[in-house]
Amino acid sequence: LAMAGMAGGAAEAAPVSAAGKSEFVSVKKTHFARKGKTYYIAGANFWYGGYLGSPSGVGERARLRKELDTMKALGINNVRVLAVSEKTEMSSAVRPATTNGPGKYDEDLLAGLDFLVDELGKRDMTVVLYLNNFWQWSGGMTQYLNWFEGTPALDPNVTRDYDDYMAKTARFYASKDAQKEYRGTIKKIVQRVNTINGKPYRDDPVIMSWQLANEPRPGNGKAGDKEKAIYTTWIAETAQYIHELDKNHLVSSGSEGLAGSAQDAELFMASHSTKHIDYLTYHLWPKNWGWFDSKKPVESWDRAIAKSRDYLNSHIDMARTLGKPIVLEEFGLDRDGASFDIKAGTSIRDRFYGEVFGLIQSRAANGDPIAGWNFWAWGGAGRAANADYWWKQGNDFMGDPPQEEQGLYSVFDSDASSLALIKEHAGKLRALQK
Ligand SMILES: O=C1NC[C@H](CO)[C@@H](O)[C@@H]1O
């Protein structure tokens, strides 16, 4: 622990013993292994976990401990967390940010990540850390382009043009200067020494995997061969770079699957066949993708659930073809009546969660390469502060990042029926771990 005093500087990682190695989540053919057993993910999205861990400013360490205790009691064993954010003018982005400008880091916020990782270790939980964001709510790739290409950081909540946003943001992958800075930040985080417990991140089995970004896409639905080739190369080369920095941890892309691959199954397969990507990820968003109309739930339910089942199954089948585990690391639906109000019911969302949990459980029990789920997203004790449900700096963090209404997809600590479902199905997945 001699390095405990180092403020997150790089450190020579001691070689991990074979016994120590089994502490890390690893891939055994099409399943995860951890501590000598198969490992299934019964997880939550908790993007702001590092923010709550900060020693000052936005930090709420007592709340963080309570949220982790609540999740642990439900049988949640993994959280998926934003590790890096970029300071930006965009109103839809979280403030503060871990990166205040190229090479300028907020050590207080990064100490929050240290605290989160340490607290997760105390609870035998694991974490997936994403190192960038295709979307604007944490600055992300569009902010890198603002820094290095001089283009405006685009906020689709302002431009109202997602197609334009996606096409322009994908230029990140081919921007040499942006990639240089991104890799510098990756190195800073991956080689960080935890300032709470003195452990180099590289040697900490609490971390399950490094994730290239949240929902990286090759562009918009009209992405051409050139964009797809750039995207495929970016995934392989960035994943390889991370493995060069860290011999112990898994690397994943953060892809949504087909929805994040211009609906091109060949692209999804080709961009994830690289040996440097250890497992596959996918996300399921019936409302965002226009399959479900939460203002007309009865009329749109059958179509939404049929398309959801097909999406869930087809990606498990692609995982089998690629011979890698796959995790459904995001899925969600809004509250009854499309309300953001915590007092609104969750009967439709509960039904959707039950369908997703049930399908994954049966495919997993069948030995298929589905390794679990993370619902989107943990709201816990967070509460919306404003009548219009938009986030403002200083308001509680909750499952919905600042680009969305606070309450849209969050699962709160008062949503008893949802928590009961999560507990039931986390237990069923855990029972498969042999
Ligand atoms: O990664 C994501 N996927 C969908 C979430 C809900 O719309 C969104 O908040 C987030 O950007």
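Shown above is the structure to which this text applies.
For every chain, the first residue of the written sequence is number 1, and numbering continues from 1 onward in sequence order. Local features in this predicted model are restricted to residues of pLDDT 70 or higher, and side-chain atom pairs are both shown and tallied only at a pLDDT of 80 or more, whereas totals for entire chains, interfaces and linings draw on every residue. Side-chain metrics in this entry use all non-hydrogen atoms of the structure; hydrogen atoms and water are not considered.

(A) Structural detail: the overall build of the protein. If you tally the helices and strands in the protein, you get 13 helices and 15 strands. Based on C-alpha atoms, the radius of gyration is set beside the globule rule, defined as 2.2 Å times the residue count to the power 0.38. Its C-alpha atoms give the protein a radius of gyration of 20 Å, within 12% of the compact-globule value 22 Å for 434 residues. Projected onto its principal axes, the C-alpha coordinates of the protein cover approximately 60 × 50 × 45 Å. Burial statistics for the protein: of 434 residues in total, 61% are counted as buried. Accessibility throughout is a Shrake-Rupley quantity obtained with a 1.4 Å probe, and a residue counts as covered only by protein chains that appear here. A total accessible area of about 15,800 Å² is found for the protein, and carbon and sulfur atoms account for 53% of it. Across the protein, 53 positive and 54 negative side-chain charges occur, with their mean positions spaced 4 Å apart. For helices the rule is a DSSP run of H or I covering at least 4 residues; for strands it is a run of E covering at least 2, with both sets numbered from the N terminus onward. Only protein chains enter the accessibility calculation, which uses a 1.4 Å probe. A residue is then buried if its area is under 20% of the maximum for its type, exposed if over 50%, and partly exposed in between. Charge counting follows a simple rule: Lys and Arg are positive, Asp and Glu are negative, and His as well as the terminal groups are ignored. Every charge is mapped to an atom, namely NZ of Lys, CZ of Arg, CG of Asp or CD of Glu.

(B) Main features of the layout of surface pockets. The space that makes up the largest pocket amounts to roughly 820 Å³. Forming the walls of the largest pocket are 32 residues, and the residues nearest its centre are Tyr162, Asn288, Gln403, Glu404 and Leu408. Volume-wise, the second largest pocket comes out at about 270 Å³. A 1.4 Å probe that fits into a set of points on a 1 Å grid over the protein atoms alone but cannot get out defines a cavity; an open set with protein on both sides within 12 Å along at least five of seven lines defines a pocket, and lining residues are those with an atom within 4 Å of a point. In terms of lining residues, the second largest pocket is bounded by 16 residues, among which Tyr39, Asn77, Asp124, Arg430 and Gln433 are the most central. For the lining of the second largest pocket, the secondary structure elements donating two or more residues are strand S3 (37–39) and helix H13 (416–430). Three residue categories are used. Nonpolar comprises Ala, Val, Leu, Ile, Met, Phe, Trp, Tyr, Cys and Pro, charged comprises Asp, Glu, Lys and Arg, and polar comprises the others, including Gly. Here the residues of the lining of the second largest pocket sort into six nonpolar, four polar and six charged. Grid points are joined across faces, edges and corners, and a volume is the space filled by probe spheres set on the points.

(C) Local environment of the pattern of salt bridges. Whenever a carboxyl oxygen of Asp or Glu lies within 4 Å of a side-chain nitrogen of Lys or Arg, that contact is scored as a salt bridge. The tally for this structure, following the rule as stated, stands at 29 salt bridges. In this structure, glutamate 119 engages arginine 65 in a salt bridge whose closest nitrogen and oxygen atoms are separated by 3.3 Å. Note that glutamate 119 is positioned in helix H4 (residues 107–122) and arginine 65 in helix H3 (residues 61–74), a separation of 54 residues in sequence. Assessed through its relative accessible area of 2%, glutamate 119 is described here as buried. Taken together, the salt bridges that share partners define one network made up of Arg65, Asp69, Asp118, Glu119, Lys122 and Arg123.

(D) A look at H4. The end-to-end C-alpha separation of H4 is 23 Å, in line with the 22 Å expected for 16 residues at 1.5 Å each. Along H4, the residues that are buried comprise Leu109, Leu110, Ala111, Gly112, Leu113, Asp114, Phe115, Leu116, Val117, Asp118, Glu119 and Leu120. Every residue pair with non-hydrogen atoms within 4.5 Å of one another is taken to be in contact. Tucked inside the fold, the buried residues of H4 contact helix H2 (49–52), H3, strand S5 (78–82), strand S7 (104–105), strand S8 (126–130) and helix H8 (176–190). Think of a polar contact as two N or O atoms within 3.5 Å of one another; within protein, one of them needs to be a possible hydrogen donor and the other a possible acceptor, and neighboring residues in sequence only count if both atoms come from side chains. The N-capping residue of H4, defined by a side-chain oxygen 2.9 Å from the backbone nitrogen of aspartate 108, is aspartate 106. One or two residues past the end of H4 sits aspartate 124, with phi positive at roughly 55°. Helix span, as expected, comes to 1.5 Å for every residue beyond the first.

(E) Fine view of the packing of aromatic side chains. Aromatic contacts are taken between Phe, Tyr and Trp rings whose centres are within 6.5 Å, Trp giving its six-membered ring; a plane angle under 30 degrees counts as stacked, one over 60 as edge-to-face, and the others as tilted. The final tally for this structure, using the stated rule, is 40 aromatic pairs. On the numbers, 5.9 Å between centres and 70° between planes, the contact of phenylalanine 172 with tyrosine 173 is edge-to-face. Each member of the pair, phenylalanine 172 as well as tyrosine 173, carries the same accessibility label: buried. Three or more aromatic residues link up through ring pairs in this structure, and these residues are Phe46, Trp47, Tyr48, Tyr51, Trp137, Trp285, Trp376, Trp391, Phe397 and Tyr409. The rule for a charge over a ring is simple: NZ of Lys or CZ of Arg within 6 Å of the ring centre, and within 35 degrees of the ring normal. The residue whose ring lies beneath lysine 21 is phenylalanine 24, and the NZ or CZ to ring-centre distance is 5.8 Å. When the ring centre of tyrosine 353 is taken as reference, the NZ or CZ atom of arginine 349 above it lies at 5.9 Å.

(F) Broad picture of the side chain of serine 294. Position of serine 294 among the secondary structure elements: in the loop between strand S11 (280–284) and helix H11 (297–322). At a separation of 2.8 Å, a polar atom in the side chain of serine 294 contacts the side chain of lysine 287. Excluding anything up to four places from it in sequence, serine 294 contacts Lys287, Asp334, Gly337 and Ala338.

(G) Examining the sheet that holds S3 more closely. At least two DSSP bridges between two strands are needed for those strands to be called paired. What the three strands build is an open sheet, ordered S1-S2-S3; its pairing is antiparallel. A single partner strand is all that each edge strand has here, and the edge strands are strand S1 (26–28) and S3. Ignoring which end each strand starts from, the neighbouring axes of this sheet average 55° apart. Two elements, S1 and strand S2 (residues 31–34), share three bridges in a ladder whose sense is antiparallel. Bridged to valine 27 within S2 is phenylalanine 32. Angles shown run from 0 to 180 degrees and are taken between the N-to-C directions of axes, each axis being a line fitted to C-alpha atoms and, for helices, limited to the stretch in contact.

(H) Seen up close, the nonpolar core. Within this scheme, the nonpolar core is defined by two criteria: the residues are buried Ala, Val, Leu, Ile, Met, Phe, Trp, Tyr or Cys, and they are joined through side-chain atoms within 4.5 Å. Phe46, Phe331, Trp373, Phe375 and Trp378 are the most contacted members of the largest nonpolar core, which totals 111 residues. Every residue in contact with phenylalanine 375, bar those within four places of it in the chain, is listed here: Gly43, Ala44, Asn45, Ile76, Phe331, Tyr353, Val411 and Ile422. Counting 10 residues, the second largest nonpolar core, distinct from the first, contains Phe32, Met208, Leu250 and Tyr279.

(I) Structural detail: the sheet that holds strand S12 (residues 326–331). Taking strand neighbours across the sheet as the criterion, the eight strands line up as S10-S9-S8-S5-S4-S13-S12-S11 in an open arrangement whose pairing is parallel. Looking along the sheet, the strands with just one partner apiece sit at the ends: strand S10 (250–252) and S11. Geometrically, the sheet is characterised by an average inter-axis angle of 25° between neighbouring strands, direction not taken into account. Bridging between S11 and S12 involves five bridges; their strand directions are parallel. Residue pairing across strands places tyrosine 282 opposite leucine 328, the latter belonging to S12. Together, S11, S12 and strand S13 (370–375) form the strand contacts of H11, whose direction differs from that of S11 by roughly 175°. This element, helix H12 (residues 347–365), spans S11, S12 and S13 of the sheet and lies at about 160° to S13.

(J) Focus on the environment of valine 16. Topologically, valine 16 is positioned in the segment before helix H1 (18–21). For the pair valine 16 and lysine 222, spaced 206 residues apart in the sequence, the C-alpha separation amounts to 45 Å. Aside from chain neighbours lying at most four places away, what touches valine 16 is Lys21, Phe24, Asp203 and Asn248.

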